[in-house]
Amino acid sequence: MSRATERAAGIVERVAEFVSIRSVSGEEERLAGRIAEICEEAGIAATRRGRNVLASRGVGSPCLMLNSHLDTVPAVDGWTADPWTPRLEGGRLIGLGANDAKASVAAMLEAFLTSPLPPAGSLLFAATCDEETGGAGMEKLVSEISFDAAIVGEPNDFAVAIAQKGLVKLRLVARGRSGHAARPHQADNAIARAAKDVQAIESLTFPVEDPHLGRPTAAVTLIEGGVKSNVIPDRCEMTVDARTIPDFDNDAMLAAIRRAVSSDVEVLSSRFKPVKGDPQSRIARAALSAVPGRDVTGFRSVSDLAHLAGRPAIVFGPGSPWQSHRADESIAFEALAAAPEIYRRTIAAYFS
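Position numbers for residues start from 1 in each chain and track the written sequence from start to end. Note on the predicted model: pLDDT of at least 70 is required for a residue's local features to be given, and 80 or more for side-chain atom pairs to be given and counted; whole-chain, interface and lining totals, by contrast, use all residues. No hydrogens and no water enter the side-chain calculation; it runs on all heavy atoms of the structure.

A word on unusual backbone geometry. Backbone phi values are negative for most residues with the exception of glycine, while trans is the configuration of most peptide bonds. Of the consecutive residues Ser61 and Pro62, the connecting peptide bond is found in the cis state with omega at 0 degrees. Cis geometry is found at the peptide bond from Asp100 to Ala101, where omega equals 0 degrees. Its place among the elements puts Ala101 in helix α3 (residues 98–114). Of note, Phe158 is a non-glycine position whose phi angle comes to about 55 degrees, a positive value. Unusually for a residue other than glycine, His325 sits at a positive phi of about 60 degrees. Here a helix means four or more residues in a row that DSSP labels H or I, a strand means two or more in a row labelled E, and each is numbered from the N terminus. Following the sequence through the fold, His325 ends up in the loop between β16 (313–315) and β17 (330–332). Accessible area is worked out with a 1.4 Å probe on protein chains only. A residue is then buried under 20% of its type maximum, exposed over 50%, and partly exposed in between. Take His325: its relative accessible area is 41%, and that puts it in the partly exposed class.

Pasting the structure below:
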């Protein structure tokens, strides 16, 4: 077996091992412990901070952080086998988190452990918790660590994403007046009011477009109203998912929705702000050199990039965004085999 074949088999095996360790948000403790153990077996001290694990190599500045998240979403309906028992089928590894984002964690870990380093410069490996929910992961940790640039590992087929959309989640409450369904004219139907607001949100147009992220979006994703078939409801709730861009940020989105609807508007979450990156940053140029023929782009979902306080960073990892958060989530062996070397080439270019 060639060295390259051995490495390919090794990364598949490593991701399969990580998949087999359940790490739904809040349950990352055991996987963090296993990663710390792997670092220590390689002679590198690892530090545990809650359900996060940190390790470093090298000396001084610049410091490049390799970050991805340990947690997964819960298993959705539709899995054809146990989500935490990895399966190898049709050239793919199937299992919860295989794509999002244990492939990135494993490939970054291998690159961290094996990359040559210059006399001056260091690597920080940060495998963190709570990315899917928010809490005690990078969002909290970033103020306690020091680094000059970062790669955030997420499944985007190694697109060099310098920018990221923001996220606003809202609860809208339409209020009416209850009454008997046989006499609807004597009541005020909150569902009918909500329907008008759904249409208002669907009709929103946004005047700005980002070259890497496209236009902002807003959609009603949940709706709940009514208490009984023969009662006109006096209340109907809607949940709105809105994605923002740097030139039409979370505050602008909130103002636009408030103007468009008659419902009461409550902000459920606005912690993910849009990120506008620099295509000429040292880390972006290093990544571009590792995947020739590509240009910079944006990440249209959200990730821990939002929490990195404006420092130069990219979203850059193996796997497809279309495989995330779905039943029978999977990643191709080919993508896994290539991932550690892409990270190694990026690290080498960053320090050159």
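Let us look at the nonpolar core. Formed by 80 residues in total, the largest nonpolar core has its most connected members in Ile35, Leu64, Leu66, Phe125, Ile151, Ile314 and Phe316. A total of nine residues in this core trace back to one element, the largest contributor, which is α3. Only heavy atoms enter the contact rule, under which two residues are in contact if any of them lie within 4.5 Å. Setting aside its immediate chain neighbours within four residues, Leu64 contacts Ser122, Leu123, Leu124, Ala149, Ala150, Ile151, Ile283, Ile347, Tyr350 and Phe351. Core analysis: the second largest hydrophobic core is formed by 19 residues, Leu124, Leu141, Phe299 and Leu308 among them. Here the nonpolar core consists of buried residues drawn from Ala, Val, Leu, Ile, Met, Phe, Trp, Tyr and Cys, with membership extended through side-chain atoms lying within 4.5 Å.

Quick look at the sheet that holds strand β5 (residues 92–94) now. Spatial ordering of the open sheet is given by β4-β5-β17, a layout of three strands whose pairing is antiparallel. The sheet is open, and its two borders are formed by β4 (87–89) and β17, each paired with just one other strand. Neighbour-to-neighbour, the strand axes of this sheet turn through a mean angle of 25 degrees, independent of strand direction. Being paired, for any two strands, means DSSP has found at least two bridges between them. Bridging between β5 and β17 involves three bridges; their strand directions are antiparallel. Counted as the bridge partner of Leu93 is Ile331 from β17. Whenever a helix is involved, its axis is fitted only over the stretch in contact; in every case the axis is a line through C-alpha atoms, and angles between N-to-C directions fall within 0 to 180 degrees. The sheet contacts of helix α8 (residues 333–351) involve β4, β5 and β17, and relative to β17 the element is tilted by about 70 degrees.

Take the packing of α3 against α8 next. Contact geometry for α3 and α8: axes closest at 8 Å, N-to-C directions at 50 degrees. With respect to their mutual orientation, α3 and α8 come out oblique. As for how α3 packs across α8, the hand of that crossing is right-handed. Each of Ala103, Ser104, Ala107, Met108, Glu110, Ala111 and Thr114 in α3 lies in contact with α8, whose residues at this interface are Leu336, Ala339, Pro340, Tyr343, Arg344 and Ile347. Orientation is classified from the angle alone, with under 35 degrees giving roughly parallel, over 145 giving roughly antiparallel, 65 to 115 giving roughly perpendicular, and any other angle giving oblique. Handedness of a helix crossing follows the sense of rotation of the near helix relative to the far helix, less than a right angle counterclockwise being left-handed and clockwise being right-handed.

Another point: the environment of Phe248. Examined against the element boundaries, Phe248 turns out to sit in the loop between β13 (235–244) and α6 (250–260). Under the relative-accessibility criterion, Phe248 is labelled buried at 12%. In this structure, Phe248 is in contact with Phe206, Pro207, Val208, Pro216, Met253 and Ala256, ignoring residues within four places of it in sequence.

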